[in-house]
Amino acid sequence: MSVLDRLASALDRNDERPNVELAEALAAKPDKRAIATLADALTTGTVAVQNDAIKVLYELGERAPDLVAPHAEAFFALLKSKNNRNVWGALSAIDTIAGVKAGDIAARLKDILAAADKGSVIAKDKAMSTLARLAQAGEPRAMPALLDRLADAAANQFPMYAELAAAAVTPAHKARLVAILDKRLATIDAPAKKARVEKVLRKLAKG
């Protein structure tokens, strides 16, 4: 059975479990040829196959980023897809390898952020996570971009983005982060969201 025959669509399944199980199997017993076949399917497969393949690849990336990192270009290419599922799937995959391909990904930040801006909430979430990972990897362009986006973030996403920023912030950018959080805190009405931001501010004050 080829790797494509193990995808959910090939098995006539409407759930993601076969794709997750395939990712787990590839993490446990790496098969570079099978992984390359999945990456190739991102451009050659049907929409259903593309959806399944990117799911396997980003699930695999969460478990073993080094195995999917060689296929970063396939993820960048998928950012141009008209299929929203593929776009946020590509951003998910890119996010998983940001720590091991920081330089390559930082060089494509313009494409990544443009895709996120046109995409769904999930796409924007993954872009912010990628920026945080890049900042933690020492990429100097990442934290300014993260803070710019945090300042204008939607209220629902703001607490999560604040947490991402705080985990990655460097001393040089800490004052700006605190200023953004203080300013936005006054505009947050939901008690749970306000509490999360206040917690971030307390941690930053201690650090």
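Quick caveat: nothing in here was measured; it's all calculated off a predicted structure. (Residues numbered from 1 in each chain as written. Predicted model: local features only at pLDDT ≥ 70, side-chain atom pairs only at ≥ 80, totals over all residues. Heavy atoms only, no water.)

Account for the side chain of R85, naming residues and giving values.
Along the chain, R85 falls in helix α6 (residues 84-97). Setting aside residues no more than four positions away along its own chain, R85 makes contact with E16, N51, I54, K55 and Y58. (Helix = DSSP H or I, 4+ residues; strand = E, 2+ residues; numbered from the N terminus. Contact = heavy atoms within 4.5 Å.)

Describe α6, and please don't skip the residues or the numbers.
The end-to-end C-alpha distance of α6, which contains 14 residues, comes to 20 Å, matching closely the 20 Å that a straight helix rising 1.5 Å per residue would cover. Between a side-chain oxygen at the N-terminus of α6 and the backbone nitrogen of R85 the separation is 2.8 Å; the capping residue is N83. (Expected span 1.5 Å × (residues − 1). Polar contact = N/O pair within 3.5 Å; in protein donor to acceptor, adjacent residues only side chain to side chain.)

Any details on the packing of aromatic side chains? Residues and values, ideally.
Scanning all chains against the criterion turns up one aromatic pair. Ring centres of Y58 and W88 lie 6.3 Å apart, and the angle between their planes is 45 degrees; on these two criteria the pair is classed as tilted. Placement of Y58 in helix α3 (residues 47-63) and of W88 in helix α6 is noted, with a sequence separation of 30 residues between them. Judged on exposure class, the residue Y58 and its partner W88 are both buried. Against the face of W88 rests R85, its NZ or CZ located 4.2 Å from the ring centre. (Phe/Tyr/Trp six-rings, centres within 6.5 Å; stacked < 30°, edge-to-face > 60°. Buried < 20%, exposed > 50% of the residue type's maximum accessible area, 1.4 Å probe, protein only. Lys NZ or Arg CZ within 6 Å of the ring centre and 35° of its normal.)

Lay out the packing of helix α1 (residues 17-28) against α3 in plain terms, naming residues and giving numbers.
Two elements in contact, α1 and α3, have axes separated by 8 Å at closest approach and are oriented at 45 degrees. The orientation of α1 with respect to α3, classified from their angle, is oblique. Like other packed secondary-structure pairs, α1 and α3 cross with a definite hand, here right-handed. Within the contact between the two elements, α1 uses N19, V20, L22, A23, E24, L26 and A27 and α3 uses D52, K55, V56, E59, L60 and R63. (Axes fitted to C-alpha atoms, helices over the stretch in contact; angles between N-to-C directions. Parallel < 35°, antiparallel > 145°, perpendicular 65-115°, else oblique. Left-handed = near helix turned anticlockwise from the far one by under 90°.)

Residue-level account of unusual backbone geometry, with values.
For D12, which is not glycine, the phi torsion reads 60 degrees and is therefore positive. Here D12 shows up in the segment before α1. Since its relative accessible area comes to 68%, D12 is described here as exposed.

I'd love a proper account of the packing of α6 against helix α9 (residues 121-136), names of residues and values included.
Where α6 contacts α9, the axes come no closer than 9 Å and their chain directions differ by 15 degrees. Our classification of the angle between α6 and α9 gives roughly parallel. Crossing geometry of α6 relative to α9 is assigned as left-handed. The segment α6 lies against α9, with W88, L91, S92, I94 and D95 engaging I122, A123, K126, S129, T130 and R133. Of the residues belonging to the contact of α6 with α9, the class tally is five nonpolar, three polar and three charged. (Nonpolar A, V, L, I, M, F, W, Y, C, P; charged D, E, K, R; others polar.)

Talk me through the side chain of Q50; I want residue IDs and the actual numbers.
Within the secondary structure, Q50 is located in helix α3. For Q50, a relative accessible area of 12% corresponds to the buried category.

Keep in mind these numbers describe shape, not what the thing actually does.
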